[in-house]
Amino acid sequence: MTAAEMTAAELRRRTRDLLAAHPVATTGHTAFLGARFDAGLAWVHYPEGLGGLGAPRSLQAVVDAELAAAGAPDNDPRRIGIGLGMAAPTVLAFGTDEQKRRLLRPLWIGEEVWCQLFSEPGAGSDLAALSTRAVRDGDDWIVDGQKVWTSSAHTARWGILIARTDPEVPKHRGITYFVCDMTAPGVEVRPLRQITGEAEFNEVFLTGVRIPDTRRIGGVGDGWRVAQTTLMNERVAIGGMRVPREGGMIAPVARAWRERPDLRTHDLHQRLLTLWVEAEAARLTGERLRQQLAAGEPGPEGSGMKLGFARLNQEISGLEVELLGEEGLLYDDWTMRRPDLVDFTGREAGYRYLRAKGNSIEGGTSEVLLNIVAERVLGLPQEPRTDKDVAWKDLAR
C-alpha cells in the first residue's frame, strides 16, 4: 500500500498491532513511545523511518484516538513543545538525512528537550538585526553572543540557533541556522525571574562555542529563510493548540461563574458571554487552520491566530480576577522556581493574569504580528524599510 492509499482503517490496524506487540500495562513509557515512533505512528505525515508513514496529516487523529482509548502514554507535548512544534518541522524541511535520523527520534520521544536561541537584547521585534556572530574555523563555527527570553534553556539538550555569518550583506541575508549543543563549553544559561515569581525564561551567553558544520541546518547565509519555517510553525503551535469546547483559559472562568452565583453581576455576565463566544470562535478557527495545515506548510495565517490568542488570554484572565474580587488577588507561591513547563490551568487566577501578559511578547510581539497579517494576509502596502539594502555592519546601532 502506497502512502497515498493509506486509509483510516489501515492506520487503526497498525495502531492495534502496536498495542498488541507492546501492551500498555507492561511496556515502559519510553519503550512504548520508541516503538510507536518506529512503527511510523508518531506523526503519520512524516516519511517512513522518521516516525511516519508518509500518510495524510489528517489521519493522525485516527491514531491518537485509538491510543487514547487504550490508555497509552503520550510524550508530554507541553514539556517538549519547542522541539515538536518548531525544531522538528525545520529539521524535516532543511536538515540532512543524517540530521533527521539523529535528531527526530529522541526529540519526539522526549529524551532530548529543545530550546530556541533567536531573540537577543538588541534584536527582539527586529530579529534580523541580531548580532550573535558565527565565524568559520575549519570544520567548525565559533559562536559568540547573547540570547534572551529562552524558554526551557535550563533543561534543553539542543538549541535552534541563528547567528550572523556575514556582516557585509543586508541583515536578512547574512544569517545562518545551527543546532547548538546546550551542554557544550562556553554555553552559560542564567535564569530570568518573571512577574510570576518563576524563571521559566532564561538568558543564554555564548562564548567561543564550537559548533561543527555538520550541525548547520540549510545553506550558509540562508538562515533567515530556514528561520521562517520555525517561526510560522511556532505561531501555529502557540495560537492553534487543540482545546476542547470551553477549554483553555475560558474554562476556570466559566466554572467559577456556575459555582459561585454570589459573584455574578449583569456587567460581568455580558463580558463573560462575549469572551466565551470569542473563545469558541478562536477554537473553531484553530481547527480550520489545522485542517489547512494538513494540506501543506503553515502560512502567515498562523500569525493571526497567535495574535488573537494573546489578546483573548489577557482579557479572559483579567475578567477572572475581577470576577473573584479579593480572592483573585491571592497568590499561592512566589518561590523562585525554574519550571519545566507553563501550567496555565493548574494554578490560580492571579498566576494566569500575570503570565498572560507574556503572551503578547513570546512567539512574536503583537505589534510585529499585526504587520505580518496586514502585509502577508491582507495584502496591504509594506511599511517603508530604509535599511533593506544596507549592509548589517553599516546599520546604526
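Please read these numbers as outputs of a predicted model, since none were measured by experiment. (Residues numbered from 1 in each chain as written. Predicted model: local features only at pLDDT ≥ 70, side-chain atom pairs only at ≥ 80, totals over all residues. Heavy atoms only, no water.)

## Brief notes about unusual backbone geometry
One non-glycine residue with positive phi stands out, namely Trp149, at about 60 degrees. For Trp149, the position within the fold is in the loop between strand 3 (140-147) and strand 4 (158-164). By relative accessible area, Trp149 is classed as exposed at 51%. Backbone geometry places Glu246, a non-glycine residue, at a positive phi of 55 degrees. Inspection of the secondary structure puts Glu246 in the loop between helix 6 (223-239) and helix 7 (250-259). (Helix = DSSP H or I, 4+ residues; strand = E, 2+ residues; numbered from the N terminus. Buried < 20%, exposed > 50% of the residue type's maximum accessible area, 1.4 Å probe, protein only.)

## Examining the side chain of Thr15
Its place among the elements puts Thr15 in helix 1 (residues 8-21). Beyond its immediate sequence surroundings of up to four residues, Thr15 is in contact with Leu41, Val63, Glu66 and Leu67. (Contact = heavy atoms within 4.5 Å.)

## As for a nonpolar patch on the surface
The grouping of Val377, Leu378 and Leu380 at the surface amounts to a nonpolar patch, some 270 Å² of accessible area in total. Note on placement: Leu378 falls in the segment after helix 11 (366-377). (Patch = residues over 30% accessible without salt bridge, like charges linked within 9 Å, V, L, I, M, F, W, Y side chains within 5 Å. Areas by Shrake-Rupley, 256 points an atom, 1.4 Å probe, with all protein chains shown as cover. Salt bridge = Lys/Arg side-chain N within 4 Å of Asp/Glu carboxyl O.)

## Comments concerning the packing of aromatic side chains
The relative placement of two aromatic rings is captured by the distance of their centres and the angle of their planes. Going through the model one piece at a time under the given rule, you end up with eight aromatic pairs. Ring geometry for Phe37 against Trp108: centres 6.4 Å apart, planes inclined by 45 degrees, an arrangement best described as tilted. Of this pair, Phe37 sits in helix 2 (residues 29-38) while Trp108 sits in helix 5 (residues 97-109); the two residues are 71 residues apart in sequence, bridging distant segments of the chain. Put simply, the rings of Phe37, Trp43, Tyr46 and Trp108 pair up and form one aromatic cluster. If you follow Arg157 out to its NZ or CZ, it ends over the ring of Trp158, 4.1 Å from the centre. Positioned over the ring face of Phe205 is Arg190, at 4.0 Å from the centre of the ring. (Phe/Tyr/Trp six-rings, centres within 6.5 Å; stacked < 30°, edge-to-face > 60°. Lys NZ or Arg CZ within 6 Å of the ring centre and 35° of its normal.)

## Focus: the environment of Asp166
Looking at where Asp166 falls in the secondary structure, it is placed in the loop between strand 4 and strand 5 (175-181). Residue classification places Asp166 among the partly exposed positions, given a relative accessible area of 28%. Separated by 31 residues in the primary sequence, Asp166 and Val135 place their C-alpha atoms 8.7 Å from one another. Here Glu168 takes part through its backbone nitrogen, which lies 2.9 Å from a polar atom of the side chain of Asp166. (Polar contact = N/O pair within 3.5 Å; in protein donor to acceptor, adjacent residues only side chain to side chain.)

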